[in-house]
Amino acid sequence: MPNRSISQFPDAGALVDGDVFPIVRALVNYKVELANMPQPIQTAQVTIPAAQVLTLNATPFLVVPAVATGEAIAIQGGLVEFANGSANYAANTTLMLISATATGNAVRVANISNRTLPNAFITPATFSPAPMKEADGISAQVLTGNPTTGNSDLTITVFYTVVNV
Amino acid sequence: MPLPETSIPDFPDGGLLQPTDILPLQRFESGVWVDYRTTAARINGNVKLAVIDWDMSINLNEAITADTPGNYLLFLSAFATFEPGALTPGTGADILMTSPTSSSGCAYVIPFIAGSDKYVTISAPLADPTTDIYDGLDSDLNLNVVVVPGTFDSTMRIVVQYVEIEPV
């Protein structure tokens, strides 16, 4: 490493396979390849207009597009926020993050019955969470049926890693 | 990669890695290794880490607070390790992690139990939205345990991973 500050190096942009990082272990210098470091946590954010929230059981909304063959998404966490609304959603207010292609249980759940209370997606406790599969994406759907009232846009943010399978 | 005259172990300790920290890397391009910089956020997202060493002989009252007031703290995961040395083997308790403004705030629990082994405990969600118990978001994550005096006499290290989010 030349005698100039690290901050003077050009920005690497997106990390790529083969990038190497210096570390010191037990006072000995080593390199660590990107593939041997923790998987980066990526962020996806979508806003679902209120009109589409009212059909969110019949028509799920794509949150994270499908990853490539040989990869799968592991959700680390997420939240739902509300905007532009004046009335709460009523009935069918369990918001689920689900596989974009498979039917089945939620991977994470949150609640959209109170538009003043942004809340986190958590692992469902009352039914078994579904696994994510290879080459799949994540969609948002409400449980059971469509909400009957309500007019808030929903902003969903999901933190996830892409793992090789 | 040759290093400067001062070796890295001689540097002052930077403490916990921050998302904006800059790290060096090299990339193989056109037959040569080229220096670049990146941020910790590109490696592990915007995940932040809080490390709390709790003297288990007294009540736990810790708050993790957003750097920017008004931002949300989203809990991702946590674990706790300790070597019991307990006065009362078999005694259990829970670390409750709450978001203060949530009417039903208690969202996560880290169970632990005294004994003779080293333990790692991992948090689990306590609430379920289908029962209208929300995991409300706030600018603080509070960790609390009320202990029975004389029950525990060890130190527990609690590591919490979370994300600080600017509201939309």
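All values derive from a computational prediction rather than experimental measurement.

### Description of the overall build of chain A
Then, number 1: The secondary structure content of chain A amounts to 1 helix and 10 strands.
Then, number 2: N-terminal to C-terminal, the α/β element order of chain A is β-β-β-α-β-β-β-β-β-β-β.
Then, number 3: Whereas a compact globule of 165 residues would reach a radius of gyration of roughly 15 Å, chain A reaches 20 Å, over 25% beyond that.
Then, number 4: Overall size of chain A, expressed as C-alpha extent along the three principal axes, is 65 × 30 × 25 Å.
Then, number 5: Residue burial in chain A is summarised as follows: out of 165 residues, 46% are buried.
Then, number 6: Of all intrachain contacts in chain A linking residues separated by at least 6 positions in sequence, the fraction that spans at least 24 positions is 74%.
Then, number 7: Carbon and sulfur atoms form 51% of the exposed surface of chain A, whose accessible area is close to 7600 Å².
Then, number 8: Across chain A, the mean location of the 6 positive side-chain charges is 7 Å away from that of the 9 negative side-chain charges.

### Digging into the packing of aromatic side chains
Then, number 1: Enumeration over the complete set of coordinates arrives at 1 aromatic pair over all chains.
Then, number 2: Across from the ring centre of A:Tyr30, 5.3 Å away, lies the NZ or CZ of A:Arg25, which sits over that ring.
Then, number 3: A cation sits over an aromatic face here: B:Arg27 above B:Tyr36, 5.0 Å from the ring centre.

### Here's the deal with the pattern of salt bridges
Then, number 1: A complete count under the given rule lists 5 salt bridges over all chains for this structure.
Then, number 2: Between B:Arg27 and A:Asp19 there is a salt bridge; the shortest N-O distance is 2.7 Å. With B:Arg27 in strand β1 (residues 22–29) and A:Asp19 in the segment before β1 (20–25), this pair bridges two chains.
Then, number 3: A relative accessible area of 0% means that A:Asp19 is categorised as buried.
Then, number 4: What emerges from the salt-bridge pattern is a single network uniting B:Lys48, B:Asp67 and B:Glu164.

### Let's talk about the sheet that holds strand β3 (residues 42–48) of chain A
Two strands in a sheet stick together by hydrogen bonds in their backbones, pointing the same way (parallel) or opposite ways (antiparallel).
All names here are of chain A.
Then, number 1: The strand order across the open sheet built from 4 strands is β3-β10-β5-β8, with neighbouring strands paired in antiparallel fashion. Only two strands of the sheet have a single neighbouring strand rather than two, namely β3 and β8 (119–120).
Then, number 2: Here 2 bridges tie strand β5 (residues 71–83) to β8, and the two strands are oriented antiparallel to one another. When the sheet's bridge partners are listed, Val-80 is paired in β8 with Asn-119.

### A word on unusual backbone geometry
Residue and element names in this part refer to chain A.
Then, number 1: A positive phi angle, near 50 degrees, is found at Ala-26, a position not held by glycine.
Then, number 2: By secondary structure assignment, the location of Ala-26 is in the loop between β1 and β2 (28–33).
Then, number 3: Given a relative accessible area of 70%, Ala-26 falls into the exposed group.
Then, number 4: In the Ramachandran plot, Leu-27 falls in the positive-phi region, its phi being about 70 degrees despite a non-glycine side chain.
Then, number 5: Residue placement: Leu-27 occurs in the loop between β1 and β2.
Then, number 6: Judged by its relative accessible area of 70%, Leu-27 is exposed.

### Notes on the nonpolar core
Then, number 1: Ranked by size, the top nonpolar core spans 30 residues in total, and within it A:Leu95, A:Ile112, A:Ile138, A:Leu154 and A:Ile156 carry the most contacts.
Then, number 2: Of all the secondary structure elements, the ones that give two or more residues to this core are β3, α1 (50–53), β4 (61–64), β5, β6 (94–99), β9 (138–142) and β10 (153–164) of chain A.
Then, number 3: Those residues in contact with A:Leu154, other than ones at most four positions away along the chain, are A:Val46, A:Thr47, A:Ile48, A:Val53, A:Val80, A:Glu81, A:Phe82, A:Tyr89, A:Leu95 and A:Ile112.
Then, number 4: If you look at the next biggest cluster of nonpolar residues, it comprises 20 residues, including B:Ile52, B:Phe75, B:Ala78 and B:Tyr162.

Calculation criteria
Residues numbered from 1 in each chain as written. Chains lettered and ligands numbered in written order. Predicted model: local features only at pLDDT ≥ 70, side-chain atom pairs only at ≥ 80, totals over all residues. Heavy atoms only, no water. Helix = DSSP H or I, 4+ residues; strand = E, 2+ residues; numbered from the N terminus. Rg over C-alpha atoms; globule rule 2.2 N^0.38 Å. Buried < 20%, exposed > 50% of the residue type's maximum accessible area, 1.4 Å probe, protein only. Contact = heavy atoms within 4.5 Å. Areas by Shrake-Rupley, 256 points an atom, 1.4 Å probe, with all protein chains shown as cover. Lys, Arg positive; Asp, Glu negative; His and termini not counted. Charge placed at Lys NZ, Arg CZ, Asp CG, Glu CD. Phe/Tyr/Trp six-rings, centres within 6.5 Å; stacked < 30°, edge-to-face > 60°. Lys NZ or Arg CZ within 6 Å of the ring centre and 35° of its normal. Salt bridge = Lys/Arg side-chain N within 4 Å of Asp/Glu carboxyl O. Pairing = 2+ DSSP bridges. Core = buried A, V, L, I, M, F, W, Y, C linked by side-chain atoms within 4.5 Å.

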